[in-house]
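Examination of the molecular architecture
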Amino acid sequence: MTVQKVGQLTDRLRAAAVDSARADDLWGAGSVKCRSTGIRTLATHTEHSSTNRRDFLYIATGAVGAVGAAAVVWPLINQLNPDASTLALATIEFDVGAIEEGQSVTITWRGLPVFVRHRTAAEIEEAKAVPLADLKDPETDEQRTKPDHEQWLVMIASCTHLGCVPVGESGDFDGWFCPCHGSHYDTAGRIRRGPAPKNLVVPPYNFVSDTLVQIG
Amino acid sequence: MSEHSTYTPNNAVEKWFDDRLPVVRFAKEHLMDFPTPKNLNYFWTFGAILVMCLGIQIVTGIILAMHYTPNVAMAFDSVEHIRRDVNGGRMIQAFHAVGASMFFVALYIHIFRGMYYGSYKAPREILWILGVLIFLLTMATAFMGYVLPWGQMSGWAAQVITNIFSYIPIVGTPLLELLRGGFTVGNPTLNRFFSLHYLLPFVIAAVVALHIWALHVPGNNNPVGVDVKSSRDTVPFHPYYTMKDLFGMVLFLIPFVWFAFFAPDILGHPDNYVMYNSQVTPSHIVPEWYFLPFYAILRAIDFNFLFINSGLLGVIFFGASILILFFLPWLDTSKVRSGNFRPMFKWFFLIFLVNFIALTYLGAAPAEGIYVILAKICTAYYFIHFLVILPVLSRIETPAPLPTSISESVLGKAHA
Ligand code: HEM
Ligand code: FES
């Protein structure tokens, strides 16, 4: 029933004075009973109803209801978030000692593939020689490695465009090439050409000993 | 809806029932006697064909779900198990997989039909909007279904498409992890996609009911686009259109079963017969053909604009390319519905169609060289059609004279 119709009905009913005193007791002044359905509804504002008190009750009830609904909905959504068993894999240790110069391995951290590359001296040279102005996402080679361990490049192996795994030792910049939509990364894993907006992400990690890396 | 009912109960039992639950009356009025323009052509059978497609997906899908296992270790094998071991499973799986493609064939024809004949114009805007909503829901359903066999294409499609959300500023990454249930696509992702893939078709069915409701308020549009003026312009839905629709369905089923019987995998991709490996991306990933035009638009944007990086911009264009359909009724303000009577629109519609097919082609082409440039041109044209051509045409075009009624358009020449 539209508000307008309720309004019309109210007027008619009031004119006929059909509102019983009992209904007023139960529903408050200004309630109306629909003649055809027998359902009682609150009348829209009339000069008789205590507008302010009723409005306040409406808003207060609505607000409590909304908070209650949100409190119920949140756990229903939150269950979608990574669960405890997924989060438990958050930190790993890996010994890089066995990786020869010029070799890369792919390990898994939090389910994500991670490249660990033992870079050659030539690759490091090449990365350092690039002027920052040439970069889409400017970062120096030093910012992407750890001091005294600059031969090690540790990066999440997800293209920053849409998450494909780039192919190593390829592309126009001797680093990585993502086959999905053609992003080229250099020997420091920095984006040089293609749709990817950012450099390959360096995860939080540190060397706990000379060759033992802790990621996460 | 129809004020005067065409239903009169035949006996006391029918009357008793009708007084309590008038479903028979409803079916009589809406499925049998509904006055339908008498000039509808075969493009109008695709609505019924789509209902059939949804039915096929739901029936075959429920059967597949009885044999399928939504777990990363077992999903791939369970689909192979369905194809090899389950009695008749080979056909049921083929019908479901081919059915998804045929669903989109019918959807695209149905949508372009509406665009050509101006079926989105007043008073059918809500009908059109519900249709676009169904299109979106079907895309979501098909995408999640494609992930279920857990092949290389499944997994990488899930990876790439969910990643789109990471470009939303601020909430992007938390939202991405929420969708995937992990830091990458994994078992939680597969499991929830299965749950939603099961749910969404029923949501679609509900929206279809609203869509048909919204159709039955103004009634069908028709190839000449003029309103129904009298009962001379219409015929009852049954038997005229029930039979025509059935015949349309039979014709549609011919290529459908041909694919299912003789080439069930031709619309798929060989890489999807390799189990998902999160460490290696196939060298050439492409989505299912029905997503290609929109995928081409996503890829075409590889440049930054002001402070918006290429990734976010691509996502904005990708989203806008579909959402713009919601606004079509207000972009094309020409009063004439049918393209038959719009001498300029007719051609621009054709160019738009060719452009859309070109986008489909470019979505599958490697992102290099000439293809990149063409994809940009076609993307630009796609938006120009909606935002410039349609509004301008509505102003400058002089439509051809309209027939005074549907009857006249059908019989006019014979009588003249
Ligand atoms: C709008 C309707 C639907 C569409 C467009 C659709 C689409 C798809 C697609 C594209 C696939 C992947 C097929 C393949 O490549 O092998 C699939 C798989 C699947 N679907 Fe659906 N589906 C729909 C309805 C349903 C329903 C209602 C159910 C069940 C309740 C269902 C259950 C399944 C199952 C268990 C699979 C995995 C087995 C397989 O890959 O064949 N689907 N669906
Ligand atoms: S995901 Fe790597 S270029 Fe798109």
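Computed from a prediction, not measured in an experiment: that's the story for all the values here.

**A closer look at the overall build of chain B**
- From N to C terminus, chain B includes 16 helices and two strands.
- If one aligns the C-alpha atoms of chain B with their principal axes, the spans along those axes are about 70 × 60 × 40 Å.
- Contacts in chain B between residues at least 24 apart in sequence constitute 80% of all its contacts with a sequence separation of at least 6.
- Put simply, chain B has 24 plus and 22 minus side-chain charges, and the middle of one group is 7 Å from the middle of the other.

**Points about the overall build of chain A**
- When you go through chain A residue by residue, the secondary structure sums to five helices and eleven strands.
- Considering chain A as a whole, with its 216 residues, one finds that 38% of them fall into the buried category.
- Counted over contacts in chain A with a minimum sequence separation of 6, partners at least 24 positions apart contribute 47%.

**A few points about the packing of aromatic side chains**
Residue and element names in this part refer to chain B.
- In this structure the tally under the stated criterion is 45 aromatic pairs over all chains.
- Judged by centre distance (4.9 Å) and plane angle (85°), the ring pair of tyrosine 116 and tyrosine 117 falls under edge-to-face.
- Ring centres 5.3 Å apart and planes at 65° place the aromatic pair tyrosine 382 and phenylalanine 386 in the edge-to-face group. Here tyrosine 382 and its partner phenylalanine 386 are both found in helix H15 (residues 370-396), four residues apart, which amounts to about one turn of the helix. When sorted by exposure, tyrosine 382 lands in the same class as phenylalanine 386, which is buried.
- When the ring centre of tryptophan 44 is taken as origin, the NZ or CZ atom of arginine 113, which lies over that ring, is 4.8 Å away.

**Side note on the nonpolar core**
- Among the nonpolar cores identified, the biggest contains 125 residues, and Met115, Phe135, Phe252, Tyr382 and Phe386 of chain B are the most heavily contacted of them.
- Tallying contributions element by element places helix H5 (residues 89-116) of chain B first for this core, with 15 residues.
- Membership of the second largest hydrophobic core comes to 15 residues, among which are Trp109, Val154, Tyr205 and Ile215 of chain A.

**Remarks on the packing of H5 of chain B against helix H10 (residues 237-262) of chain B**
Residues and elements named next belong to chain B.
- At a closest axis distance of 9 Å, the pairing of H5 and H10 adopts a crossing angle of 140°. Between H5 and H10, the crossing angle belongs to the class labelled oblique. Relative to H10, H5 is oriented so that their crossing is right-handed. Contact residues: H5 offers Met91, Ala94, Phe95, Val98, Gly99, Met102, Val105 and Ala106, while H10 offers Phe252, Pro255, Phe256, Val257, Phe259, Ala260 and Phe261.
- Split by residue class, the contact of H5 with H10 holds 14 nonpolar, one polar and no charged.

**Regarding the interface of chain A and chain B**
- On the side of chain B, 28 residues touch chain A, which itself brings 28 residues to the contact.
- When the two sides are added together, the surface that chain A and chain B hide from each other amounts to roughly 2300 Å², 59% of it contributed by carbon and sulfur.
- The largest share of the area that chain A buries against chain B comes from Leu80, Leu162 and His181 of chain A, three residues that together contribute 25% of it.
- Linking chain A to chain B there are zero salt bridges.

**Quick look at the side chain of threonine 160 of chain A**
- Within the secondary structure, threonine 160 of chain A is located in the loop between strand S6 (152-156) and strand S7 (174-178).
- Engagement of the side chain of threonine 160 of chain A in a polar contact is seen with the backbone oxygen of lysine 198 of chain A, the distance being 2.6 Å.
- Ignoring any residue separated from it by four or fewer positions in sequence, one finds threonine 160 of chain A in contact with Tyr185, Ala196, Pro197, Lys198, Asn199, Leu200 and Val201 of chain A together with Tyr167 of chain B.

**Some thoughts on the UniProt feature "domain: Cytochrome b/b6 N-terminal region profile" (unreviewed entry) in chain B**
- Under the local residue numbering, the UniProt record ascribes the feature "domain: Cytochrome b/b6 N-terminal region profile" (unreviewed entry) to residues 13-224 of chain B.
- For residues 13-224 of chain B, the end-to-end C-alpha separation is 44 Å, with 71% helix and 1% strand making up the annotated structure.

**Quick word on the site of ligand 1**
All names here are of chain B.
- Within the structure, ligand 1 sits among 26 residues, and Gly61, Gln93, His96, His197 and Tyr198 are positioned closest to it.
- At a separation of 2.8 Å, an oxygen atom of ligand 1 approaches a polar side-chain atom of glutamine 93.
- Here histidine 197 contributes a side-chain N or O atom positioned 2.7 Å from a nitrogen atom of ligand 1.
- Listed by contribution, the elements that provide at least two residues to the shell around ligand 1 are helix H3 (46-65), H5, helix H6 (125-147) and helix H9 (187-216).
- Looking at the shell around ligand 1, the element that brings in the most residues is H3, giving seven residues.
- Here the shell around ligand 1 is built from residues that sort into 19 nonpolar, seven polar and no charged.

**Details of the pattern of salt bridges**
- According to the stated counting rule, one finds 18 salt bridges over all chains in the structure shown.
- Among the ionic pairs, lysine 128 of chain A bridges to glutamate 150 of chain A, the shortest N-O distance being 2.9 Å. Within this pair, whereas lysine 128 of chain A is found in helix H5 (residues 121-129), its partner glutamate 150 of chain A is found in the loop between H5 and S6, the two being separated by 22 residues in sequence.
- A relative accessible area of 29% places glutamate 150 of chain A in the partly exposed class.
- Between arginine 84 of chain B and glutamate 80 of chain B there is a salt bridge whose closest N-O contact spans 2.9 Å. With arginine 84 of chain B and glutamate 80 of chain B both in helix H4 (residues 75-84) and four residues apart, this pair spans about one turn of that helix.
- For glutamate 80 of chain B, a relative accessible area of 14% corresponds to the buried category.
- Within this structure, Lys121, Asp332, Arg342 and Glu397 of chain B form a network of salt bridges that share partners.

**A word on the UniProt feature "domain: Cytochrome b/b6 C-terminal region profile" (unreviewed entry) in chain B**
- Under the UniProt annotation, the feature "domain: Cytochrome b/b6 C-terminal region profile" (unreviewed entry) is placed at residues 227-404 of chain B.
- The distance separating the terminal C-alpha atoms of residues 227-404 of chain B is 9 Å; by composition the span is 57% helix and 2% strand.

**Thoughts on the pairing of strand S8 (residues 183-186) of chain A**
All names here are of chain A.
- The two faces of S8 match: Ser183 and Tyr185 on one face and His184 and Asp186 on the other face are all buried.
- With antiparallel pairing between neighbouring strands as the criterion, S7 and S8 make up a hairpin whose turn holds four residues, including glycine 182 at a positive phi of roughly 75°.
- With two bridges connecting them, S8 and strand S9 (residues 191-193) associate as antiparallel partners. Following the sheet pairing, tyrosine 185 is matched in S9 by isoleucine 191.

**What about the sheet that holds S9 of chain A?**
Residues and elements named next belong to chain A.
- Pairing in this open sheet of three strands is antiparallel, and the strands run S7-S8-S9 from one edge to the other. A strand with exactly one partner marks an edge of an open sheet, and here the two such strands are S7 and S9. The mean angle between the axes of side-by-side strands here comes to 35°, regardless of whether they run parallel or antiparallel.

Rules and cut-offs
- Residues numbered from 1 in each chain as written.
- Chains lettered and ligands numbered in written order.
- Predicted model: local features only at pLDDT ≥ 70, side-chain atom pairs only at ≥ 80, totals over all residues.
- Heavy atoms only, no water.
- Helix = DSSP H or I, 4+ residues; strand = E, 2+ residues; numbered from the N terminus.
- Contact = heavy atoms within 4.5 Å.
- Lys, Arg positive; Asp, Glu negative; His and termini not counted.
- Charge placed at Lys NZ, Arg CZ, Asp CG, Glu CD.
- Buried < 20%, exposed > 50% of the residue type's maximum accessible area, 1.4 Å probe, protein only.
- Phe/Tyr/Trp six-rings, centres within 6.5 Å; stacked < 30°, edge-to-face > 60°.
- Lys NZ or Arg CZ within 6 Å of the ring centre and 35° of its normal.
- Core = buried A, V, L, I, M, F, W, Y, C linked by side-chain atoms within 4.5 Å.
- Axes fitted to C-alpha atoms, helices over the stretch in contact; angles between N-to-C directions.
- Parallel < 35°, antiparallel > 145°, perpendicular 65-115°, else oblique.
- Left-handed = near helix turned anticlockwise from the far one by under 90°.
- Nonpolar A, V, L, I, M, F, W, Y, C, P; charged D, E, K, R; others polar.
- Buried area = accessible area lost by both parts, 1.4 Å probe.
- Salt bridge = Lys/Arg side-chain N within 4 Å of Asp/Glu carboxyl O.
- Polar contact = N/O pair within 3.5 Å; in protein donor to acceptor, adjacent residues only side chain to side chain.
- UniProt positions renumbered as here; feature names shortened; annotations may be inferred.
- Near = heavy atom within 4 Å.
- Pairing = 2+ DSSP bridges.

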